[in-house]
Amino acid sequence: MNRRPFLLAFPSLVLLGVVMLVGILPWSARTGEYHTGEALVCFDCHTMHFSMQHGWAGGPVVIGGQFQNGGDWLGNTGPNANLLKLPENQLCLSCHDGQNFAPDVLGAHGNNYVRQAGALNQIGSAAPYENWKGHSLDMKAIPPGGVSDITLTCGQCHAFHGSTSYRNLKGAIPITYTKGEPYASRTKTVEVWLKQWVKGDLAGNYAYDSVRFNERNPNNGAYADFCQGCHVAFHGTVGDNKIGGDLTTGGFLRHPNAQVNIGAMGGGHSSIARYNAGMKRVHVMSNANADYLANPGAGTFTAVDGLTPSCFTCHKSHGNQNPFGLIFLARNSATVTEEGTPNVGPGEGMRNLCGQCHGQGN
Amino acid sequence: MKTRMIVSFIGLAAVTVLATVLLLTSGGRTGEYHVGGQLLCFDCHTMHFSMQHGFDGGAVAGTPAPGGNWLGASGPNHYLLKMPANDLCKSCHDGQTFAPDVVAANTNASPANGREAGALNEQASGAPYDTWKGHTLGSTAKPPGYDPAKINLGATWYTGETVGLECLHCHTQHGRAPAYRNLGPRALTAPTYHIAAVNDLNSDVWINLASYTAGSGVAGTFNPYYATANIFFNRNDGAQGLKYSNRIGTFCAACHANFHGGPGDATVGGTGTPAEEFIRHPTAQVSIGALSGGHSSLSRYVAATTKVKGLTKNYTTYAETSPGCITCHKAHGNQNPFGLIFLNRFATSVNEEGGLGQGQVADVPTGYRNLCGQCHGQGN
């Protein structure tokens, strides 16, 4: 038998198998976010010499304008550190502000969906996105609960070149996620269930209703750990000097962001019945098969289901039009906006938000 | 014909329902700041004990400020409080002009005849609000007469011997809509109240005001709501472990059960009908003057032009008026021992300590005789 054809064919077969295997492997943390893999092209953001007399196909180059497909653009400010076409935040905003092909994360947007993360603001932002309503790009300050000054850039939180975490978030503990699974049978050993990630479908990918949060670890939350990277004093363990209290009687020093389940203590504490009765609910961490945002007014969760509030329960990650980026969502709200219930002041808004789980004074 | 009747009936029914709703809502459902729409979470609570800016983007004060734009210096505190519990309550209710001042001297002008509840004291208060003149915030002393089992409360409901007397031992901080002054504990039936120019004898407390809107922040507006002159206590007999003629008495018994009760209760004793030979002064179901001879005298009480507050259903003849706890004591305290109300029957003026008669000099024996003399002629 002539072995040569087989030997020649074998590497090809192996390669084919590898390609097939890669194709079969779940895309969960390897594809589906633009900033990883084949979607991200170096010249989208980088320029070697801060010079482009012509484009990559010989055509014109847009100088000083916004991002252009195919890399045929260059910022008007440079050269910049890390070979960037624009200073860091400006570079990110060249795609992520005022565009319809990428999620708009700064201030108002025209892409017509309720953003899960809300909206950043920037130094000098005017109403209704003032600096005291969320994370402020370019601002140098000690984060609330933090220790040292930082200047807020997109890269403080997000990995430019992608990561295995939800929304390419940084952090020592990955915020793992799945995409496209049916909710009732979803993988619960990850932090986040993402309804989908389809390139170009901004609403389907990034809306408030496109995300749910699992409770992979009943004693902690990777999301809260991530936030704690800057807001050190605001997260910890029940009984420690940051959160304090105990699981039986409460008495917390700061609002817990993990471990503590709605309605677990009974009495004058949180009420799962109250949460269940909400027509519109805030996000929580949940491993229940039933969808916590469904069953308006008639949720069937019990304390045993272990619904747990975390940072994103009360705050938009980026911010919104409310102080502290708080989500002033009333349980009987007619609509859900990035602010929760629209057009409510802080007094009513806080009662709305607290009232999602707490009946005291409501 | 039938159509007209049906239409009329529906109209009458609607009017009746509306009237009923209006009647219900003028009782104990509004008019208190700590309930419903008035109470804002951020007045007292902070989620992370951090406020780099206010809820309006502005500055953050170190003492209570409108809109929740303040944070205490000491924390974080349990229950996400902006300050330790009593300090937090006092941050509004002591030394402020926008809320009733309940500790020691009144920052605001005195309401008519003084604050109905008088004044709390603290270790630091000093004369004339010494700690033996009323309820002492922070005191770890066992309440005098403490025996909660007598009114069907758990033996350990009161935690003051460990944490010190707190405002929250008596008042429910998040409000208790049907309860006069948000009084608790919740295991006891609330003393009800009624705000109107006309008394509702079925409620425990009548606040004689045509109307009241809480949250004005102006003493001229809230003073009448807390004025001794405007508050009356109706008599409605019942029992919760011990007899009462007004649920205020049962509330007091949560801590002072051995001092409360009516004829036949082991706490006050009494024999016969009407009862006499009490072992403690009754606080319920004993009508002034019911037993003639050397006992209390209704005519004496009626003749007084400045009366202590009896528990009554008849504000003209005062027939079947019973003494209660608040007849003799200010609920918080005052400048007299035990918070007693040393009110002469013909006082020239009335304040939180009572009032002296013509030519009287203020001292404890005079005051005590004034108080007892409201109802008792013996030795007076």
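Asks: Whenever I open this one, the overall build of chain B confuses me. Can you help?
Replies: Each helix and strand counted, chain B has nine helices and twelve strands in total. Relative to its length of 380 residues, chain B is compact, with a C-alpha radius of gyration of 23 Å against a globular reference of 21 Å. Along the longest, intermediate and shortest principal axes, the C-alpha atoms of chain B span 80 × 70 × 45 Å. Put simply, chain B has 380 residues, and 45% of those count as buried. Long-range pairs, those at least 24 residues apart, make up 50% of the contacts in chain B between residues at least 6 apart in sequence.

Asks: What exactly am I supposed to notice about the sheet that holds strand β7 (residues 177-179) of chain A here?
Replies: Paired through their backbone hydrogen bonds, the strands of a sheet run either parallel or antiparallel. Residues and elements named next belong to chain A. Taken in spatial order, the three strands of this open sheet run β7-β8-β9, and their pairing is mixed. At either margin of the open sheet sits one strand with a lone partner, and together these are β7 and β9 (211-213). Between one strand and the next, the sheet's axes are offset by a mean angle of 20°, whatever the strand orientation. Both β7 and strand β8 (residues 192-194) contribute to a ladder of three bridges, which runs parallel. Directly across from Y177, in β8, lies its bridge partner V192.

Asks: Sorry if this is basic, but what is going on with the confidence of the model for chain A here?
Replies: A low pLDDT means the predicted coordinates there should not be read in detail. Looking at chain A, the pLDDT average stands at 89 and 91% of residues meet or exceed 70. Throughout residues 1-32 of chain A the model reports pLDDT below 50, and contacts reaching past four residues in sequence, or to other chains, amount to twelve contacts.

Asks: What's the story with the sheet that holds strand β3 (residues 193-196) of chain B in this structure? I'm lost.
Replies: Residues and elements named next belong to chain B. Judged by pairing direction, the sheet is mixed, and its four strands sit side by side in the order β3-β4-β5-β10 without closing on themselves. Two strands in the sheet have a free side with no partner beyond their single neighbour: β3 and β10 (311-312). Of the strand pairs in this sheet, strand β4 (residues 205-208) and strand β5 (residues 231-234) are connected by three bridges, and their pairing is antiparallel. Bridge assignment links W206 to a residue of β5, and that residue is F232.

Cut-offs applied
- Residues numbered from 1 in each chain as written.
- Chains lettered and ligands numbered in written order.
- Predicted model: local features only at pLDDT ≥ 70, side-chain atom pairs only at ≥ 80, totals over all residues.
- Helix = DSSP H or I, 4+ residues; strand = E, 2+ residues; numbered from the N terminus.
- Rg over C-alpha atoms; globule rule 2.2 N^0.38 Å.
- Buried ≥ 20, exposed ≤ 12 C-beta atoms within 10 Å, placed from the backbone.
- Contact = placed C-beta atoms within 7 Å.
- Pairing = 2+ DSSP bridges.
- Axes fitted to C-alpha atoms, helices over the stretch in contact; angles between N-to-C directions.
- pLDDT = per-residue confidence, 0-100.

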